[in-house]
Amino acid sequence: MIKYILRRILMMIPVMLGVTIIVFTMMYITPGDPAEIILEDGATPEAVAELREEMGLDDPYLVRYFRFVSDLLHGDLGTCYAIGQPVFDRLVQTFPNTMKLAALAVLVSTTLGLLMGIISAAKQYSVFDNVAMALAMMGNAMPNFWQGLLLMLLFSLWLGWLPASGFSSFKHMILPAVTMGTSSAAIIARMTRSSMLEVIRADYISTARAKGQVEYRVILRHALKNALIPVVTIIGIQFGRQLGGAVLTESIFAIPGVGKMMVDAIKARNFPVVQGGVLMIALSLSIVNLLVDILYAYIDPRIKSQYK
Amino acid sequence: MNNTTNTATSQTLPVYKKRGQGAEIWRRFRQNKNAMVGMCIFLVLVSFALFAEFIAPYDPIEQDLLNIMQTPSRQHILGTDELGRDIFSRIVYGSRISMTVGLIAVGIAFVAGSALGVICGYYGGILDNVIMRFVDILMSIPAILLNISIVAALGTGLQNVMIAIGISNVPRFCRIIRASVMSLREQEFVEASRAAGAKDLYIVMRHIIPNCLAPLIIQATVSIGSSILQCASLSFIGLGIVPPTPEWGAMLSTGRDFLRKAPHLTTFPGLAIMAAVYAMNLMGDGLRDALDPKLKN
């Protein structure tokens, strides 16, 4: 098992290296001279040329890329053009907020999705099942940012129960987490239902029932555990989706996270911040995928035995 | 005697009309009520896109500052926006943008993803490894971030948004077709064709691709919906289609400044996006059941 985990960690290295190539190339081909952006309007051509020279912007692509990777390995992600602060420090300030939000959203989506999926499967074709699945389809199609605005309108502007923006207390996190979590809940609910339906028809479930086990024990102890593997995959994928979705939700609720920071940075052509943000989210996503793979082994002993 | 027997057989056995594969798929699709609802919504949106000039009662860009933020009425069935523009007309014209983005972005992903997937699945080896690692890298960046990065590099505007969304959808098509091709390339009919001296290109075009179409069509249908959503998301954060062009995400974005005063500015464009994505998801599910009834749950 440890061998497998080490191999998976090693496999992350080329992927992350690939991400650095993509991110660097994107920013390399982006129009706009960083030296001009830093010096703003009114700078003399000589001053711009001097800064270009200092920043090594006249160097060839490969030289700049290797310098970028070398700096990265030393924990240097560049400096924010707007406030002159190291990008790493900005990420340290903003990333915990994004992670908190994503984790809370996953909690909302998993709780809601599993509950809806299990009940729907246990009561297949009932009114609950039909309504839950119709809601899941709609939740899946509903744009997050629109849902966020509707929730804000209802709970902040009309009812005044929850704050509309900021991120200073748990109350501030409820609306953004629900906004991000509900569409994923819809996907998890559908997956749980179909996975449970497959398992529920298996012989060992009939055996458990025949032995006189109560229905909720049959569902939770025998069916759910075996139906969980595809659901865990989906939860892992949804976590990645939440990290990406944070870009929109953070912009709506004015949350000082990586997503909002990146959107603001793109508008201001603040390239190092964008590079840092994308790299940070891609790295987190790879780590989440690794954790999901490890989790499989704990849920399903058959998978664990493959690595022995 | 013979004649009598024939007559008797024709009387007892019902005569089945032979149905083509397409007709059978259409019959199964038609029986799925959800899929038909999805198709109806899709057809309405396509008609909006095609006949916007005839359906929209007002010019979507013309401002009427004497009638700003009007609530729905007989003159303006969905009300007017902050510049007095008719929201219904903007939604009708907006469907043209959304449908164009959905179809072209998916077209780009379909062609590029299929080509890469066929190469990977059919030839395997180092080429497969290199391409699939590249696909893994693309997939390790969330789609919205990849879209944002590409749009930042290329600039905003309809064409660049379509390219960005197309590129971010390539990995999914590539993976799907690769998996199908890998299972097909060892099939007897492909080996028979190879043994008969057929060239690779002929085998791929004649035998492999037609047999991979079902998962690709399903993926394309669902991807049109997600592309519409991605386009709206980009426009919402100001990196996609820029106002005054009537685009649903951009309409939502400007409407949020007037959320308390005029909530209808955000309600109707949001409903339009949801309807489009909902329709494509329903159709995708229906097509999956119709094309491969074994998958139906």
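Residues numbered from 1 in each chain as written. Chains lettered and ligands numbered in written order. Predicted model: local features only at pLDDT ≥ 70, side-chain atom pairs only at ≥ 80, totals over all residues. Heavy atoms only, no water.

Student: Looking at this model, I keep getting lost on the overall build of chain B. Mind explaining?
Tutor: Of regular secondary structure, chain B possesses twelve helices and zero strands. Taken from N to C terminus, the helices and strands of chain B fall in the order α-α-α-α-α-α-α-α-α-α-α-α. Per-residue burial over chain B gives 49% buried out of 297 residues. Across chain B, contacts joining residues at least 24 apart in sequence account for 70% of those joining residues at least 6 apart. Total accessible area on chain B is roughly 14500 Å²; 62% of this is exposed by carbon and sulfur atoms. Positive and negative charge centroids in chain B, built from 25 and 19 side chains respectively, lie 8 Å apart. (Helix = DSSP H or I, 4+ residues; strand = E, 2+ residues; numbered from the N terminus. Buried < 20%, exposed > 50% of the residue type's maximum accessible area, 1.4 Å probe, protein only. Contact = heavy atoms within 4.5 Å. Areas by Shrake-Rupley, 256 points an atom, 1.4 Å probe, with all protein chains shown as cover. Lys, Arg positive; Asp, Glu negative; His and termini not counted. Charge placed at Lys NZ, Arg CZ, Asp CG, Glu CD.)

Student: Just checking my understanding: could you explain the overall build of chain A for this structure?
Tutor: Scanning chain A from N- to C-terminus turns up 13 helices and zero strands. Of the regular secondary structure in chain A, the N- to C-terminal order runs α-α-α-α-α-α-α-α-α-α-α-α-α. Each principal axis of the C-alpha atoms in chain A carries an extent, and together these give about 85 × 55 × 30 Å. Taking all 308 residues of chain A together, the buried fraction comes to 51%. Across chain A, every contact between residues at least 6 apart in sequence was considered, and the portion connecting residues at least 24 apart equals 71%. Roughly 14900 Å² of accessible area belongs to chain A as shown, and the carbon and sulfur atoms make up 66% of that amount. Side chains of chain A give 25 positive and 21 negative charges; the mean places of these two sets differ by 22 Å.

Student: How should I be thinking about the interface of chain B and chain A in this particular structure?
Tutor: How big an interface is tends to be expressed through the accessible area that disappears when the partners come together. Contact with chain B, which involves 37 residues of that partner, is made by 43 residues of chain A. Summing both partners gives a buried area of about 3700 Å² for chain B against chain A, and 78% of it is carried by carbon and sulfur. Seen at the junction of chain B and chain A, the total is one salt bridge. A salt bridge links Arg190(A) to Asp285(B), with the nearest nitrogen and oxygen atoms 2.6 Å apart. If you look at where chain B meets chain A, you find three residue pairs in polar contact (both at pLDDT 80 or more). Mapped by element, the contributors of at least two residues to the side of chain B that touches chain A are α6 (125–139), α7 (143–154), α10 (200–236) and α12 (264–291) of chain B. The element that contributes the greatest number of residues to the side of chain B that touches chain A is α12(B), accounting for eleven residues. (Buried area = accessible area lost by both parts, 1.4 Å probe. Salt bridge = Lys/Arg side-chain N within 4 Å of Asp/Glu carboxyl O. Polar contact = N/O pair within 3.5 Å; in protein donor to acceptor, adjacent residues only side chain to side chain.)

Student: Is there a simple way to think about the state of the cysteines in this case?
Tutor: Note on terminology: a disulfide is the covalent bond linking the sulfur atoms of two cysteines. Residue and element names in this part refer to chain B. Counting across every chain of the model gives zero disulfides over all chains. Counting only cysteine sulfurs, Cys-174 is the nearest neighbor of Cys-212, a cysteine outside any disulfide, at a range of 12 Å. When its relative accessible area of 1% is taken as the criterion, Cys-212 is described as buried. (Disulfide = S-S within 2.5 Å.)

Student: Looking at this structure, I do not really get a nonpolar patch on the surface. What am I missing?
Tutor: Residues and elements named next belong to chain A. On the surface, a cluster of nonpolar side chains totalling about 460 Å² of accessible area is made up of Leu-154, Trp-158, Leu-159 and Trp-161. Tracing the chain through its elements places Leu-154 in helix α7 (residues 144–158). We classify Leu-154 as partly exposed; its relative accessible area is 36%. (Patch = residues over 30% accessible without salt bridge, like charges linked within 9 Å, V, L, I, M, F, W, Y side chains within 5 Å.)

Student: Would you explain empty space enclosed by the protein in this entry?
Tutor: Rolled over the atoms, a probe with the dimensions of a water molecule shows which regions are left empty. Residues and elements named next belong to chain B. All told, the structure shown has one cavity of 30 Å³ or more when counted by the stated rule. If you go around the largest cavity, the residues you meet are Asp-81, Glu-82, Arg-85, Ile-87, Arg-90, Pro-243, Thr-245, Ala-250, Met-251, Thr-254, Leu-265 and Pro-269. For the lining of the largest cavity, the elements supplying multiple residues, two or more each, are α5 (87–123), α11 (248–255) and α12. Per element, the largest residue contribution to the lining of the largest cavity is three residues, and it comes from α11. (1 Å grid on protein atoms, 1.4 Å probe; cavity = no way out; pocket = protein on both sides within 12 Å on 5 of 7 lines; lining within 4 Å. Points joined across faces, edges and corners; volume = space filled by probe spheres on them.)

Student: Help me out: how do you make sense of the pattern of salt bridges in this one?
Tutor: Where side chains of opposite charge bring their charged atoms close, a pairing between them can arise. All names here are of chain B. Scanning the model with the defined rule gives 18 salt bridges over all chains in all. Measuring nitrogen to oxygen at the nearest pair gives 2.6 Å for the salt bridge that ties Arg-27 to Glu-24. With Arg-27 and Glu-24 both in helix α2 (residues 21–31), this residue pair falls three residues apart, about one helical turn. Given a relative accessible area of 21%, Glu-24 falls into the partly exposed group.

Student: What is the right way to look at a positive patch on the surface in this model?
Tutor: On the surface, Lys211(A), Arg217(A), Arg221(A) and Lys225(A) cluster together into a positively charged patch. With respect to the helices, strands and loops of the structure, Lys211(A) is situated in the loop between α9 (203–210) and α10 (215–252).

Student: What is the right way to read the nonpolar core from this model?
Tutor: The tendency in soluble globular proteins is for nonpolar side chains to be buried side by side. Formed by 164 residues in total, the largest nonpolar core has its most connected members in Met196(A) and Trp248(B). Residues Cys120(B), Ile131(B), Val135(B) and Cys174(B) belong to the second largest nonpolar core, which totals five residues. (Core = buried A, V, L, I, M, F, W, Y, C linked by side-chain atoms within 4.5 Å.)

Student: When you look at the confidence of the model for chain B in this model, what are you seeing that I'm missing?
Tutor: The predicted coordinates ought not to be read in detail in places where the model reports low pLDDT. The pLDDT averaged across chain B works out to 88; a share of 92% of its residues lies at or above 70. Reported for the predicted complex are a pTM of 0.86 and an ipTM of 0.83. (pLDDT = per-residue confidence, 0-100.)

Student: Looking at this model, I keep getting lost on helix α4 (residues 61–73) of chain A. Mind explaining?
Tutor: Spacing of three or four residues puts side chains on the same side of an α-helix, whose turn is 3.6 residues. All names here are of chain A. Taking 1.5 Å per residue as the helical rise, α4 with its 13 residues ought to reach 18 Å, and the 18 Å between its terminal C-alpha atoms agrees with that figure. For α4, the full list of buried residues reads Arg-64, Tyr-65, Phe-68 and Val-69. Angular distribution of buried residues about the axis of α4 spans 135°; they occupy a single face of the element. Relative to its buried face, α4 has exposed residues pointing more than 90 degrees away, namely Leu-62, Phe-66 and Leu-73. Immediately downstream of α4, the backbone of Gly-75 shows phi near 80°, a positive value. (Expected span 1.5 Å × (residues − 1). Arc of directions from axis to C-beta.)

Student: For this particular structure, what's the right way to read the packing of aromatic side chains?
Tutor: Any two aromatic rings considered together are summarised by their centre-to-centre distance and by the angle between their planes. On inspection of all chains with the given rule, the structure shows 13 aromatic pairs over all chains. Every member of this aromatic cluster is reached through a ring pair, and the members are Phe24(A), Tyr28(A), Tyr61(A), Tyr65(A), Phe66(A) and Phe68(A). (Phe/Tyr/Trp six-rings, centres within 6.5 Å; stacked < 30°, edge-to-face > 60°.)

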